[in-house]
Amino acid sequence: LLVRGPAGLANVGHDAPCVFLLGGGLLYDQAMPGDHMGLMVQRQLRGLMRVPVEVPSLPTVDGYASQQWQLFERFFQAFRPDVVVLGIGSEEFALDEVTGKPRSSRAILGSTIRAARAWCEANERHLVLFADWSAPNAAMLELREHEAAGVPLVVAREGHARIESARDLAAACREFLK
């Protein structure tokens, strides 16, 4: 059980609490290597819990929700994270270079969130949604609907330091960790 993350290979399978970030590098890795969202969330959670915490993330550069969820479903379920964070960035509805069509839509995003939520519920895990401040309006509308239905949502704020988003995300995940 290995996945390459911001700190190299993560080996999850022991008893450490685990938060698995899905969303890609354009969302989580916007600054210096030490400022990767996964590393910052991990440091915050370790400080809050006073125990080792694993925060792996897929190394996909340009990730979007349905692609990230498909990768998790096919290859990374065995990690059995306590929390799955499904992140939505500014490029969620970008055009596919081959087809010229949007690679995602509000309907696809909604279906992906429902699939992630169903998996989490069936496996006694928790889903947290994360959105960049620049996520498309239609994506934000979909995310807000799921938030209203009980899925925690953390939205990065424009102009604020990334560590503030990491603190907010860690706080949202903390309540689900043992």
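The structure contained in this document is the topic of the report that follows.

Rules behind the numbers
- Note that residues are indexed from 1 along each chain, following the sequence as it is written.
- Owing to the predicted nature of the model, reporting of local features is limited to residues with pLDDT of at least 70; listing and counting of side-chain atom pairs is limited to 80 or more, with chain, interface and lining totals taken over all residues.
- To get the side-chain values, take all heavy atoms of the structure and skip hydrogens and water.
- Where helices and strands are cited, they refer to DSSP runs of H or I of at least four residues and of E of at least two residues respectively, numbered from the N terminus.
- Between buried and exposed lies partly exposed: a residue is buried under 20% and exposed over 50% of the maximum accessible area for its type, with that area taken using a 1.4 Å probe on protein chains only.
- Throughout, the Shrake-Rupley method with a 1.4 Å probe supplies accessible areas, and for residues the shown protein chains are the sole cover considered.
- A positive count includes Lys and Arg, and a negative count includes Asp and Glu. His and the chain ends are not counted in either.
- To locate a charge, take NZ of a lysine, CZ of an arginine, CG of an aspartate or CD of a glutamate.
- Working definition of a nonpolar core: buried Ala, Val, Leu, Ile, Met, Phe, Trp, Tyr and Cys residues. They are joined through side-chain atoms within 4.5 Å.
- In what follows, residue pairs with any heavy atoms lying within 4.5 Å of each other are defined as contacts.
- A pair of strands counts as paired when DSSP detects no fewer than two bridges linking them.
- Only the stretch in contact is used when fitting a helix axis, every axis being a line fitted to C-alpha atoms; angles between N-to-C directions are given from 0 to 180 degrees.
- For salt bridges, the criterion is a side-chain nitrogen of Lys or Arg within 4 Å of an Asp or Glu carboxyl oxygen.
- For classification purposes, an angle smaller than 35 degrees is called roughly parallel, one larger than 145 roughly antiparallel, one from 65 to 115 roughly perpendicular, and anything else oblique.
- Crossing chirality is assigned from the near helix's rotation relative to the far helix, an anticlockwise turn below a right angle marking it left-handed and a clockwise turn marking it right-handed.

A look at the overall build of the chain
In step 1: A count of helical and extended segments in the chain gives six helices and six strands.
In step 2: Helices and strands in the chain line up, N terminus first, as β-β-β-α-α-α-β-α-β-α-β-α.
In step 3: Counting every position in the chain, which comprises 178 residues, the buried fraction comes to 51%.
In step 4: Accessible surface for the chain amounts to roughly 8700 Å². Of this, 51% is attributable to carbon and sulfur atoms.
In step 5: In the chain, the 18 positive side-chain charges and the 21 negative ones have mean positions that sit 4 Å from each other.

Structural notes on the nonpolar core
In step 1: The biggest cluster of nonpolar side chains holds 27 residues, and the ones touching the most others in it are Phe20, Leu22, Phe72, Val84, Leu127, Leu129 and Leu143.
In step 2: Secondary-structure elements contributing two or more residues to this core are β3 (19–22), α3 (65–76), β4 (83–88), α4 (106–122), β5 (126–131) and α5 (137–148).
In step 3: The greatest single-element share of this core, amounting to five residues, is contributed by α4.
In step 4: The contacts of Leu22, once residues within four sequence positions are left out, are Tyr28, Leu58, Gln68, Trp69, Phe72, Val84, Val85, Leu86 and Gly87.
In step 5: Within the second largest apolar cluster, 24 residues are counted, among which are Met40, Ala170, Cys173 and Phe176.

Structural notes on the pairing of β3
In step 1: Alternating positions in β3 separate into two faces, Val19 and Leu21 on one and Phe20 and Leu22 on the other, with burial throughout.
In step 2: Across four bridges, β3 lies against β4 in parallel orientation. Bridged to Val19 within β4 is Val83.

Some remarks on the sheet that holds β5
In step 1: Reading across from one edge, β3-β4-β5-β6 is the order of the four strands in this open sheet, with parallel pairing throughout. For this open sheet the edge positions go to β3 and β6 (153–155), each flanked by a neighbour on one side alone. Going from strand to strand, the sheet's axes swing by 20° on average, the running direction of each strand aside.
In step 2: Pairing geometry for β4 and β5, over six bridges, is parallel. Looking across to β5, one finds that Leu86 is bridged to Leu129.
In step 3: Strands β4 and β5 of the sheet are contacted by α4, whose axis makes an angle of about 150° with β5.

Some details on the environment of Leu9
In step 1: With respect to the helices and strands, Leu9 occurs in strand β2 (residues 8–11).
In step 2: The spatial distance from the C-alpha of Leu9 to the C-alpha of Phe72 is 16 Å, given a sequence separation of 63 residues.
In step 3: The contacts of Leu9, once residues within four sequence positions are left out, are Leu2, Val3 and Arg4.

Let's talk about the pattern of salt bridges
In step 1: Per the stated rule, a full pass over the model turns up eight salt bridges.
In step 2: Linking Arg106 and Glu145 is a salt bridge whose minimum nitrogen-to-oxygen distance equals 2.6 Å. With a gap of 39 residues between them, Arg106 in helix α4 and Glu145 in helix α5 connect regions that are remote in the sequence.
In step 3: Its relative accessible area of 28% is what places Arg106 among the partly exposed residues.
In step 4: According to the relative accessible area criterion, Glu145 is partly exposed, its value standing at 48%.
In step 5: Across the salt bridge formed by Glu121 and Arg117, the nearest N and O atoms sit 3.2 Å from each other.

Some remarks on the packing of α4 against α5
In step 1: Contact pair α4 / α5: the axes reach a minimum separation of 9 Å and the direction vectors enclose 30°. One element, α4, and the other, α5, form an angle in the roughly parallel class. In this structure, α4 crosses over α5, and the sense of that crossing is right-handed. Touching Arg106, Leu109, Gly110, Ile113 and Arg114 of α4 are Ala138, Ala139, Leu141, Glu142, Leu143, Glu145 and His146, all from α5.

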